[in-house]
Amino acid sequence: MRQNRFLTLMLASAVALTLTACQSAAGPETPPPDTPAPVETPTPPPATPTPAPAEAPVWGTYTVEQDYFAGDGETLVLRIHCELPHVENPEACPAGAAINAWYEDEGRSRLLEAEDQYELQVADYDISTVTGFQFQPMNQEMSSQVVYEDNGIISVRRELYADFGGAHPQVYRLSEQFDAATGARLAFADLFSDAEGVMELVTAAFLEHTELKDAGLSREEVAVACQPENFYLSDEGYVFWIQAESLPAVHSPLEVTLSFDALAGLTRHG
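Summarised in this report is the structure supplied together with it. (Residues numbered from 1 in each chain as written. Predicted model: local features only at pLDDT ≥ 70, side-chain atom pairs only at ≥ 80, totals over all residues. Heavy atoms only, no water.)

### As for the overall build of the protein chain
In terms of helices and strands, the protein chain carries five helices and nine strands. Ordered by position from the N terminus, the helices and strands of the protein chain form the series α-β-β-α-β-β-β-β-α-α-α-β-β-β. Here the protein chain holds 270 residues, and the buried ones make up 34% of them. By sequence separation, contacts in the protein chain at least 24 residues apart represent 54% of the contacts at least 6 residues apart. Within the structure as shown, the protein chain displays about 17,100 Å² of accessible surface, and the carbon and sulfur contribution to it stands at 55%. (Helix = DSSP H or I, 4+ residues; strand = E, 2+ residues; numbered from the N terminus. Buried < 20%, exposed > 50% of the residue type's maximum accessible area, 1.4 Å probe, protein only. Contact = heavy atoms within 4.5 Å. Areas by Shrake-Rupley, 256 points an atom, 1.4 Å probe, with all protein chains shown as cover.)

This is how it looks when you write it as C-alpha cells:
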C-alpha cells in the first residue's frame, strides 16, 4: 500500500517536471504585435490658375464735346471738343482702368469749366447785340497723343487750342505720365531724384534755344518759366517745354530735349 502511494507520487512529479521542461523549451509567450494607427493623407489644395499675361494697352479715343448756344437757342457762343486717350482693352491691361478713369474725370472737369466760360460768352454776346459789335464764338479743341511707352512708363502729350476771336489763337501744352503696371499718375518727383540738378540743366538748355538766346532774358526769368511738371518722354529723351505767354518772347510752347544719357544719375527711370 505504501509502495503504491510512493509510486503515485513519483509519477506525479515526473509529469510535473515534463510539463515544466516543455514550457521552458517553448519559450515565453509572445504578445501580439501592435497594429499601427492609420495615417491620413492630406488633400492637396486646388491648383491656382495661372494668370493670363498682361497685354499692352490698345489705344483709342475718348471724346468729350458740347455746343453751347445763346438764349435764342440758335447762336453758337461756345464749342468744346476734346479727344483724350482711352485704353480699349482694360480687362487685359492692368493699367487701363486707372488711365481711363483719370481721363474720364478730366473730361468732366473740362465740361464744368465750360459751364463757367459759357456764362461769360453769353454776356459778351448780349453786349455785342446791344452795341452792334461783331460777336465771335469761342472754340476750344484738345488733341492728345501717346508719345512714349515702355515697361515702366506711359507718357501722353496734349495740346489745347483756344480761339477767343483774337488775332492769334492760344495754344497750351499739357502732359501726363503713368505707371505702365498700375496706371497711377506719376509726378516729376516720381521720375527724378535730383530736381534742382535737372532744372538747372533744363534752364541752361532753354538759354541756348534759338528763340530765347537773343531775347535779352536773364537766367532767373527763364528759370521761373521752366515749370518742373512741364515735360514728357520721347524716344530721344525727356522733353521739357515753356508754356505760351510765360515769357514776352514766347507765343507758343517752346521745347528742349535732354537725352537719357544727359540726365543719367538724376532720374529714377531706366
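The structure having been displayed, the exposition proceeds.
### Quick notes on helix α2 (residues 96-131)
Between its first and last C-alpha atoms α2 spans 51 Å; for 36 residues at 1.5 Å apiece the expected length is 52 Å, and the two agree. G132 sits one or two residues past α2 and shows a positive phi near 85°. (Expected span 1.5 Å × (residues − 1).)

### Considerations on the side chain of Q140
Here Q140 lies in strand β3 (residues 138-149). Beyond its immediate chain neighbours, meaning those up to four positions away, Q140 contacts R79, I80, H81, Y161 and A162.

### Focus: the sheet that holds strand β1 (residues 59-69)
Within a sheet, neighbouring strands are paired by backbone hydrogen bonds and run either parallel or antiparallel to one another. If you trace the six strands from one edge of the open sheet to the other, you get β1-β2-β3-β4-β5-β6, paired in mixed fashion. Only two strands of the sheet have a single partner each, and these edge strands are β1 and β6 (185-186). Pairing geometry for strand β5 (residues 170-179) and β6, over two bridges, is antiparallel. When the sheet's bridge partners are listed, Q177 is paired in β6 with L186. Contacts from α2 reach β1, β2 (76-87), β3, β4 (153-163), β5 and β6, with the element oriented near 175° to β2. (Pairing = 2+ DSSP bridges. Axes fitted to C-alpha atoms, helices over the stretch in contact; angles between N-to-C directions.)

### Examining the side chain of N100
Among the structural elements, N100 can be located in helix α2. Looking at N100, the relative accessible area reads 7%, which means it is buried. Here the side chain of N100 touches V87 through a polar contact of 2.7 Å, landing on its backbone nitrogen. The residues touching N100, leaving out its near neighbours within four places in the chain, are H86, V87 and P90. (Polar contact = N/O pair within 3.5 Å; in protein donor to acceptor, adjacent residues only side chain to side chain.)

### Comments concerning the environment of F164
Considering the arrangement of structural elements, one finds F164 in the loop between β4 and β5. For F164, a relative accessible area of 46% puts it in the partly exposed group. Spatially, the C-alpha atom of F164 lies 7.7 Å from that of Q136, the residues being 28 residues apart in sequence. With sequence-adjacent residues up to four places away left out, F164 is seen in contact with M138 and Q170.

### Brief notes about the sheet that holds strand β9 (residues 254-259)
An order of β7-β8-β9 is seen for the three strands of this open sheet, with the pairing classed as antiparallel. Every other strand in the sheet has two partners, leaving β7 (231-234) and β9 as the edge strands with one partner each. Put simply, the sheet's adjacent strands are angled 30° from each other on average, direction ignored. The sheet contact formed by strand β8 (residues 237-242) and β9 spans six bridges and is antiparallel. Within β9, the residue paired with V239 across the bridge is T257. Running over the sheet, helix α4 (residues 195-207) touches β8 and β9 and is turned about 125° from β9.

### Considerations on unusual backbone geometry
Residues apart from glycine generally show negative phi values, whereas peptide bonds are mostly found in trans. A positive phi angle is found at E245, which is not glycine, with a value near 70°. Position of E245 relative to the elements: it lies in the loop between β8 and β9.

### A short note on the pattern of salt bridges
Tallying each qualifying case throughout the model produces nine salt bridges. Of the charged contacts in the structure, one is a salt bridge between R173 and E159, with a shortest N-O distance of 2.5 Å. Taken together, the positions of R173 in strand β5 and E159 in strand β4 put the pair 14 residues apart, joining distant regions of the chain. Taken as a pair, R173 and E159 share a single burial class, namely buried. Put simply, E106, R110, E113, R158 and E176 are held in one network by salt bridges that share partners. (Salt bridge = Lys/Arg side-chain N within 4 Å of Asp/Glu carboxyl O.)

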